[in-house]
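# Per-entry structural report
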Amino acid sequence: MSYITYQQAAKQAIIEEMRSDHRVFVMGEDIQVYAYADVMEEFGPERIRNTPISEIGFFGAGIGAALTGMRPIIEGGFSTFLYSAMDQVVNQAAKSRYMFGGQASVQLVIRLNVSYATSSAAHHSDRPWGLFAQVPGLKIIVPSTPYDAKGLLKSAMRDGNPVLCFDDSTLLSSSGEVPDRDYTIPLGAAEIKRAGTDLTIVTLAATVGHSLTAAQMLAGDGISVEVLDVRTVVPLDRRTILDSVTRTGRLVVVDVAPRMCGFASEVAATVAEEAFQHLKAPILRITAPDVPVPFSPDLERLMYPTPERIHAAVRKLYMKWGRSARRDLDLYHDSGERQLPDGNASSLP
Amino acid sequence: MHAPPRREFADMATRVTGAEEMIPSRAKLCEMFRRMLRVRAFEESASKLIAEAKLPGVLHNCIGQEATVVGACMALRDDDYMTGNHRSHGHPIAKGVSLAPLMAELFGKSTGVCRGKGGSMHLAAFAAGSLGESGIVGSLMPVAVGAGLSARLRDTDQVCLCFFGDGAANCGPFHESLNLAAIWKLPVVFLCENNGYALYTPQAQSTSVAHIAQRASAYGIPGAILDGQDVLAVYSGVMAAVLRAREGGGPSLVESKTYRYCEHYEAGGPANPPIYRSEHEIAAWRARDPIRLFAAHLQSSAAIGEREIEAITSEVLAEVDEAVAFAEQSAAPNPSALFEDVFT
């Protein structure tokens, strides 16, 4: 067991896999002198390949190598660079197996730095897991801890399908206990991070931590919150989500991504369709608003769910729909607060 | 006007003198002729079937381009890779894939080479090294680079042949793929089937150079321009590039000047193509029909006699009829197939 950062844990997963499987190699911009400089001597420039700034080229090359028996890892850099290679990822990586009737297997992992809250403005800041969840054939992992980063990445590398690994940049330097041994975390298995009885928060990435902090604050208000980290967006562990909401009767989904057709919408719709009879309150989404990420920190800091915002929004919901609240719809609809569960105002202070 | 190639184009091919593979054996000549006929007969049959609304979707036929498609593939080994494009049928046929599962794929049947999931534009036969065709222009060029990279990392001497059209030469993946293959010196042969038109737009209107192969110099790799109607010129030109790649010499850009007689695509119902090329131009290219040219060459060089040509022709026609019958008699995909093969 070592106490290491998320970034170190993720790299450990890749290095261990490179040692045990000669088909694994890494491609990316500047990786020989930057992220992998310390293992160049061990693996050499053939297996740790610097690429030109050429996302179509080297993402596609990763696909071609995977189709012919290799197991490439692409260090894609900022998640927004993924859009430069959109055709390769969506039309080739995701569809080849299906379109070619099962002949193809694209065992490819693409790691992406999901940068935001860094005043990098819209070209370097996005949270696109929802966008790519709309593409059948891609798996999507979004680890929230160093332990999960290593375990999920190992599963991703052995999965046999194209997997996008979205690394929340606000977590890269966070630390935690990580076993030195080989272990995997199955894709599609959510984790209950905190048990509770009154309300379920479903979330992922950095907002797992924020939600746990909020849950602690809510405990002080007498509200028992269950926090569920989905860990992978595709496959989505609907069973664990539904089981939790069936027990608590209330659902809040927290996500730093935009609202429209996003991860939060999918979770909300799943619960509305399949656990409606268990709901004691309207479903609430706490997300970023549907705007590009602005440069000014004064504007950007308004966008994302924080422990305080999650606490305030859940508390407000619970006051209307909690154990002792009146539950008639008239009260809710006449309150002038129908903006609460929808509309971007809900994620603002 | 997209002009028929001048004779000297063929001589511009990089040649590896003395290599045994450069001179096709008699058996190989027969096989070339057979595969060219297969491509044409398969597509003429498919063309008829779609006009009768017996095939779903649309077809992009390559009739007229058979010498390019077959000459290039015959320069490959069975374990070499190949990627293609939307004008797709010729590539796997030329790589040696049997006709029945290809025809069944055009019908969308369960016995299709892609189990009815890909259709005409997305044929693939991995066992034969065909890594797929693509409906997106230029999209498989980087994938071909990856197949070359894989061969190098696995320390094999396999080569990847990457078919693309003149239209693809103007899109981003072309540039990124040639640059990447060049800096990594990968065993990839980029083969441009230049039929003069990107859909209905003539090359002169869309392309900054007269010959796509001129662009090779921008990447520091060899370029060659071939007479795409002469199967032996294509074979020897591509073979030179393949041998170079196999020996670690890196990628080449080979341009084969050719022509499609048919329209950009064919679908059921009356054809109503825009007017974009002259009857005179089509006639000039038909006058150098690749199959007729090759048949004449085979007879004049006494490699294959008329009787043998007739025998091959009737065998191929029977093969196509059998493929159609196989496809028609095959079952539609089971509804459960809808959900199969999204993931491993």
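What counts, and where the lines are drawn
Residues numbered from 1 in each chain as written. Chains lettered and ligands numbered in written order. Predicted model: local features only at pLDDT ≥ 70, side-chain atom pairs only at ≥ 80, totals over all residues. Heavy atoms only, no water. Helix = DSSP H or I, 4+ residues; strand = E, 2+ residues; numbered from the N terminus. Buried < 20%, exposed > 50% of the residue type's maximum accessible area, 1.4 Å probe, protein only. Lys, Arg positive; Asp, Glu negative; His and termini not counted. Salt bridge = Lys/Arg side-chain N within 4 Å of Asp/Glu carboxyl O. Polar contact = N/O pair within 3.5 Å; in protein donor to acceptor, adjacent residues only side chain to side chain. Contact = heavy atoms within 4.5 Å. Buried area = accessible area lost by both parts, 1.4 Å probe. 1 Å grid on protein atoms, 1.4 Å probe; cavity = no way out; pocket = protein on both sides within 12 Å on 5 of 7 lines; lining within 4 Å. Points joined across faces, edges and corners; volume = space filled by probe spheres on them. Nonpolar A, V, L, I, M, F, W, Y, C, P; charged D, E, K, R; others polar. Domains from an automatic or database assignment.

Residue and element names in this part refer to chain B. Secondary-structure assignment places E133 in the loop between α5 (99-106) and α6 (141-153). Comment: no salt bridge for buried E133; closest opposite-charge side chain is R87, at 9.7 Å. Of note is the side chain of E133, whose polar atom sits 3.0 Å from the backbone nitrogen of N85. Among the polar contacts made by the side chain of E133, one reaches the side chain of H91 at a distance of 2.7 Å.

On to the pattern of salt bridges, then. Taken as a whole, this structure holds 44 salt bridges over all chains when the rule is applied. Across the pair D182 of chain A and K154 of chain A runs a salt bridge whose closest N-O atoms are separated by 2.6 Å. With D182 of chain A in the loop between β8 (175-178) and β9 (191-194) and K154 of chain A in helix α7 (residues 146-157), this residue pair connects regions lying 28 residues apart in the sequence. Among the ionic pairs, R40 of chain B bridges to E66 of chain B, the shortest N-O distance being 2.7 Å. Residue R40 of chain B is located in helix α2 (residues 26-51), and its partner E66 of chain B is located in helix α3 (residues 66-73); the two are separated by 26 residues in the primary sequence. Considered together, R40 of chain B and E66 of chain B belong to a single accessibility category, that of buried residues.

A separate point is the interface of chain A and chain B. Contact residues are listed per partner, giving 41 residues for chain A and 41 residues for chain B. Carbon and sulfur atoms make up 63% of the surface buried where chain A meets chain B, a total of about 3,300 Å² over both sides. The tally of links from chain A across to chain B stands at 2 salt bridges. Measuring nitrogen to oxygen at the nearest pair gives 3.8 Å for the salt bridge that ties D341 of chain B to R97 of chain A. At the surface where chain A touches chain B, the tally comes to 22 residue pairs in polar contact (both at pLDDT 80 or more). Mapped onto the side of chain A that touches chain B, the elements with two or more residues apiece are β2 (24-28), β3 (48-50), α3 (55-67), α4 (86-93) and α5 (96-99) of chain A.

Bringing the layout of surface pockets into the picture now. Residue and element names in this part refer to chain A. Estimated volume of the largest pocket: approximately 540 Å³. Residue lining of the largest pocket: 20 residues in total, with Q7, Y34, A35, E75 and G77 positioned closest to the centre. Counting residues per element, the ones that place at least two in the lining of the largest pocket are α1 (6-20), β4 (71-78) and β5 (109-114). Counting residues per element, the lining of the largest pocket draws most heavily on β4, which supplies 4 residues. Its residues assigned to classes, the lining of the largest pocket comprises 8 nonpolar, 6 polar and 6 charged. Of the voids in this model, the second largest pocket is the one considered here, and its volume is about 370 Å³. Lining the second largest pocket are 19 residues; nearest its centre among them are A133, Q134, V234, R238 and E266. Where the lining of the second largest pocket is concerned, the elements lending two or more residues are α6 (129-133), β12 (232-234) and α10 (263-274). Broken down by element, the residue count for the lining of the second largest pocket peaks at 3 residues, all from α10. Split into classes, the residues belonging to the lining of the second largest pocket amount to 12 nonpolar, 5 polar and 2 charged. For the lining of the second largest pocket, the two domains that each supply at least three residues are domain 1 (2-178) and domain 2 (191-347).

In this section: the environment of I223 of chain A. Residues and elements named next belong to chain A. Turning to its location among the elements, I223 is positioned in the loop between α8 (206-220) and β11 (225-229). As for I223 and T184, which are separated by 39 residues in sequence, their C-alpha atoms are 34 Å apart. Residues contacting I223, with those up to four places away along its chain left out, are D198, L218, R315, Y318 and R323.

Within the secondary structure, S134 of chain B is located in the loop between α5 and α6. A polar side-chain atom of S134 of chain B sits 3.2 Å from a polar atom in the side chain of Q92 of chain A. Here I136 of chain B takes part through its backbone nitrogen, which lies 3.1 Å from a polar atom of the side chain of S134 of chain B.

Enumeration according to the criterion identifies 2 cavities of 30 Å³ or more in this entry. Considering only enclosed or pocket space, the largest cavity measures out at about 40 Å³ in volume. As for the largest cavity, its lining consists of V24, R71, P72, I73, Q107, L108, V109, A156 and M157 of chain A. Among the elements of the structure, β4 and α7 of chain A are those that each provide at least two residues to the lining of the largest cavity. For the lining of the largest cavity, the element with the most residues is β4 of chain A, which contributes 3 residues. When grouped by side-chain class, the residues that make up the lining of the largest cavity number 7 nonpolar, 1 polar and 1 charged. Empty space within the second largest cavity amounts to approximately 30 Å³. If you go around the second largest cavity, the residues you meet are A93, A94, R97, V106, G137, N161 and P162 of chain A together with V342 of chain B. Grouping the constituent residues of the lining of the second largest cavity by class yields 5 nonpolar, 2 polar and 1 charged.

Let us now look at the domain arrangement of chain A. Residue and element names in this part refer to chain A. When its domains are assigned, chain A resolves into domain 1 (2-178) and domain 2 (191-347). For domain 1 and domain 2, the distance between their C-alpha centres works out to 29 Å. In this assembly, 24 residues from domain 1 lie in contact with 27 residues from domain 2. Summed over both partners, the interface of domain 1 with domain 2 comes to about 1,900 Å²; 61% of that surface belongs to carbon and sulfur atoms. Among the residues domain 1 hides against domain 2, the three largest losses belong to S119, R127 and W129. Together they make up 30% of the total. If you look at where domain 1 meets domain 2, you find 1 salt bridge.

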